Amino acid sequence: MFKALRKPKAHVAEMERNRKRIQDDQESVILTLKNSVKLVVTSDSFHCIRNIDYKYNCALCDATMESETKVKENHKNLAEHQRLLITHPYLEDLAENLIRQISNSNCYCTLCSIVTPVHLVTSHVLSNEHKHELDKALLKAKSYRPCENFDLNHNK
Ligand SMILES: [Zn+2]
Ligand SMILES: [Zn+2]
């Protein structure tokens, strides 16, 4: 009886672990902002690429591609995509919220990997979901520090 009761819990923990591993497998990028805040986000979300209905979609180029890593990585290097990344920088007023305005009517939130209408951006960055993603990105950047700490202690 006892075992049967414990089983579901262990199963949840295992699912949680697998989910984490999938997230960790994604290539990450460290962004250092003008205000020197550091954030870690996935390479895909930095490039405005999401996985929708088993296909990749680049919100910046408004392009859909096959769900193949190679195709996706090639897309990131396209001249037109690179040009759009530069011409649609993160909105400075929103700093670490990592919002790009991708068209007249839409913005892209790198932290949440979602497209949101321009007029809803303010409420989006104040939402709990967004704040949670922001905390995660800040925390991930901090987890890169132990290496630096190690060096400091070593020099003492
Ligand atoms: Zn693109
Ligand atoms: Zn967001």
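The coordinates are above.
Below is a short write-up of the structure. (Residues numbered from 1 in each chain as written. Chains lettered and ligands numbered in written order. Predicted model: local features only at pLDDT ≥ 70, side-chain atom pairs only at ≥ 80, totals over all residues.)

1. Side note on the overall build of the protein
Then step 1. What the protein contains, in helices and strands, is seven helices and eight strands.
Then step 2. The buried share among the 156 residues of the protein stands at 17%.
Then step 3. Across the protein, every contact between residues at least 6 apart in sequence was considered, and the portion connecting residues at least 24 apart equals 31%. (Helix = DSSP H or I, 4+ residues; strand = E, 2+ residues; numbered from the N terminus. Buried ≥ 20, exposed ≤ 12 C-beta atoms within 10 Å, placed from the backbone. Contact = placed C-beta atoms within 7 Å.)

2. Details of the sheet that holds strand E6 (residues 99-101)
Sheet strands pair by backbone hydrogen bonding; their relative direction is either parallel or antiparallel.
Then step 1. Pairing is antiparallel across the open sheet formed by three strands, whose spatial order is E6-E7-E8. Looking along the sheet, the strands with just one partner apiece sit at the ends: E6 and strand E8 (114-117). Here the strands of the sheet are splayed against their neighbours by 30 degrees on average, with no regard to which way each runs.
Then step 2. Inspection of the sheet shows E6 paired to strand E7 (residues 106-109) by three bridges, in the antiparallel sense. Paired with Ile 99 across the bridge in E7 is Cys 109. (Pairing = 2+ DSSP bridges. Axes fitted to C-alpha atoms, helices over the stretch in contact; angles between N-to-C directions.)

3. Thoughts on the sheet that holds strand E4 (residues 55-58)
Then step 1. With antiparallel pairing, the three strands of this open sheet are ordered in space as E3-E4-E5. Only two strands of the sheet have a single partner each, and these edge strands are strand E3 (49-52) and strand E5 (63-66). When the angles between neighbouring strand axes are averaged without regard to direction, this sheet yields 30 degrees.
Then step 2. As defined by bridge partners, E4 adjoins E5 across four bridges and the pair is classed as antiparallel. Looking at E5, one finds that Lys 55 is bridged to Glu 66.
Then step 3. On top of the sheet, helix H3 (residues 69-76) reaches E3, E4 and E5; it is set at about 145 degrees to E5, its chief contact.

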